[in-house]
Amino acid sequence: MKSCILKYSDVFIRRLVLFLVIFQSCGIRLFTGIGFLLSILVMFILFARIKLSNTELLKLFLLFCGVVTFFYIKGENALFIANILFIVLNATLLCKLYEDGSCFSSDFRVILFVIAWHAFLSAILDFILPSSVLQKTDNIICSETFLYVFYFTDTDLFIPGFTRLTGMMWEPGCLQLFLNLLLTLLIFEKRKTKTYWWVALLVVLTGSTSGYIILLVNVVFYLYINRNWKVLLAGTAISVLFLPLAYGKIFEKMEVGANSSATIRYRDFYIGIRNVLEYPFSGINVSDLEENAKVLKWEEDAIYLILGKYTWFDYFEPLAGGYTNGFMFVFMMWGVFGWLFYYSFIKCKLWKFCMKNYFIVIPLVFFLSMTSEPISNTSLFYFLSLYNYMNQ
């Protein structure tokens with residue numbers, strides 16, 4: 001009986017840590033500094049439960065020396081370097097916790113279901129609750145809350161009575177990532193079709209353009225993995241019904257000038273490309289992007305290329321909205337080493353425990369989401385990128 005309790009306790013702690021890392025990386029910012037506090041909590045839990053071997057300590061030491069040396073040469077400030085070391089430490093400790101990668105698949109699936117069910121309840125409450133029972137928050141995106149458990153945006157969706165669904169994530173685009181990941185795993189497991197519908201509906205409720213694009217990727221994956229004429233007809237029917245919505249959202253984001261979000265997406269992609277072309281080996285100084293003369297010049301070039309004029313800056317501050325392209329940010333931050341991070345991410349052994357021969361679909365979902373979400377400089381990303389290095 002005691003051994004059984006200990007076993008379930010270990011599983012619970014392991015899943016709790018993984019959830020905290022995901023929430024710390026992508027979750028709603030309930031208050032200033034929550035990410036740092038969650039990192040401290042994760043670090044203490046991990047240090048209490050794992051013991052690093054001499055070889056693993058050496059790997060960690062070499063990794064830290066490499067990180068400090070690289071960013072010191074680049075001229076990043078000390079606070080930035082300390083923050084990166086802290087993030088990487090949590091990631092590497094989590095790699096050790098999942099040294100036996102076979103348990104990751106079940107843990108990840110459980111957490112994805114928790115995120116999805118919370119989002120499902122949030123959608124119901126968003127529709128039925130009167131605004132009088134909601135409390136205002138200081139969060140720019142999640143402006144209202146119910147009992148400080150469920151959060152709602154103030155951006156209306158195309159469906160009457162709903163606002164864009166954000167669940168427990170800091171932005172709808174982050175929520176769609178985990179919903180689409182869950183959908184990918186369900187498709188691989190060949191669950192009953194009705195199991196997919198509610199998750200797909202939640203993705204639609206996020207109102208996320210990248211979410212819709214990835215949802216179409218999942219439709220293609222579904223058609224590929226269930227190759228028979230009935231499934232083909234059903235999938236085609238779904239695609240025909242969904243395409244007008246996806247088409248509208250995608251091309252809405254392509255209407256630069258009229259759509260500030262679209263302009264920011266193009267701007268950030270342009271800045272990322274200029275960085276790769278001009279600084280392919282070292283990247284640029286990212287600890288103060290808003291004051292980096294190179295980045296501000298690239299932004300001016302991008303805005304003029306997109307709009308044909310500089311009037312954007314009459315209404316928006318330099319680098320308004322922050323730099324949102326997490327995919328390109330890796331190259332800005334790590335230079336040529338960014339390719340190594342992505343290669344390791346794709347080859348992460350954990351994916352084969354989840355998807356076997358179809359493992360490439362999960363990195364694809366991540367990468368497409370990262371093009372519009374700044375989630376690359378997080379413990380979650382480094383955990384998945386450094387897993388093979390720490391568990392060779």
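For the structure itself, consult the block above.
All figures in this text were calculated on a predicted structure; none of them were measured in a lab.

Draft legend 1. Structural context of the sheet that holds strand β2 (residues 144–146). Reading across the sheet, the 3 strands line up as β1-β2-β3 and stay open at both edges, with antiparallel pairing between neighbours. In this open sheet, the two strands that pair with only one neighbour each are β1 (135–136) and β3 (150–152). Looking at chain direction, β2 and β3 are connected through 3 bridges and run antiparallel. Within β3, the residue paired with Glu144 across the bridge is Phe152.

Draft legend 2. Structural view of the layout of surface pockets. Of the pockets and cavities examined, the largest pocket occupies roughly 1500 Å³. In terms of lining residues, the largest pocket is bounded by 47 residues, among which Trp170, Gly321, Tyr323, Thr324 and Pro374 are the most central. Taken together, the elements giving at least two residues each to the lining of the largest pocket come down to α1 (2–26), α2 (34–49), α4 (78–97), α9 (229–252), α10 (260–278) and α12 (326–334). Among the residues making up the lining of the largest pocket, the classes are represented as 17 nonpolar, 20 polar and 10 charged.

Draft legend 3. Spatial organisation of the nonpolar core. Phe104, Phe178, Phe366, Tyr382 and Phe383 are the most contacted members of the largest nonpolar core, which totals 118 residues. Counting residues per element, this core draws most heavily on α4, at 13 residues.

Draft legend 4. Expanded view of the side chain of Glu299. Tracing the backbone shows Glu299 in helix α11 (residues 293–307). Overall, the relative accessible area of 1% leaves Glu299 in the buried class. Here Leu319 takes part through its backbone nitrogen, which lies 2.8 Å from a polar atom of the side chain of Glu299. Discounting chain neighbours no more than four positions away, the residues touching Glu299 are Arg267, Ile271, Trp312, Phe313, Glu317, Pro318, Leu319 and Ala320.

Draft legend 5. Summary view of the state of the cysteines. Enumeration according to the criterion identifies 0 disulfides in this entry. With no disulfide partner, Cys95 has as its closest neighbouring cysteine sulfur the one in Cys348, 7.8 Å distant. Under the relative-accessibility criterion, Cys95 is labelled buried at 0%.

Draft legend 6. Structural context of helix α16 (residues 379–390). In a regular helix each residue adds 1.5 Å, so 12 residues correspond to 16 Å; α16 covers only 14 Å between its end C-alpha atoms and thus falls short of that length. Residues Ser379, Leu380, Phe381, Tyr382, Phe383, Leu384, Ser385, Leu386, Tyr387, Asn388 and Met390 constitute the buried set of α16.

Draft legend 7. Quick look at the environment of Tyr196. Within the secondary structure layout, Tyr196 lies in helix α7 (residues 193–206). Along the sequence, Tyr196 and Leu186 sit 10 residues apart, while their C-alpha atoms lie 7.1 Å from each other. In this structure Tyr196 touches Leu183, Leu186, Ile187, Lys190, Arg191 and Tyr222, once residues within four positions along its chain are discounted.

Draft legend 8. Highlighting the environment of Leu94. Mapped onto the fold, Leu94 is located in helix α4. Among the residues examined, Leu94 registers a relative accessible area of 0% and is labelled buried. Sequence separation between Leu94 and Leu46 is 48 residues, and the spatial gap between their C-alpha atoms is 7.2 Å. When sequence neighbours within four positions are dropped, the list of residues in contact with Leu94 reads Val17, Leu18, Val21, Leu46 and Phe383.

Cut-offs used in this document
- Residues numbered from 1 in each chain as written.
- Predicted model: local features only at pLDDT ≥ 70, side-chain atom pairs only at ≥ 80, totals over all residues.
- Heavy atoms only, no water.
- Pairing = 2+ DSSP bridges.
- Helix = DSSP H or I, 4+ residues; strand = E, 2+ residues; numbered from the N terminus.
- 1 Å grid on protein atoms, 1.4 Å probe; cavity = no way out; pocket = protein on both sides within 12 Å on 5 of 7 lines; lining within 4 Å.
- Points joined across faces, edges and corners; volume = space filled by probe spheres on them.
- Nonpolar A, V, L, I, M, F, W, Y, C, P; charged D, E, K, R; others polar.
- Core = buried A, V, L, I, M, F, W, Y, C linked by side-chain atoms within 4.5 Å.
- Buried < 20%, exposed > 50% of the residue type's maximum accessible area, 1.4 Å probe, protein only.
- Polar contact = N/O pair within 3.5 Å; in protein donor to acceptor, adjacent residues only side chain to side chain.
- Contact = heavy atoms within 4.5 Å.
- Disulfide = S-S within 2.5 Å.
- Expected span 1.5 Å × (residues − 1).

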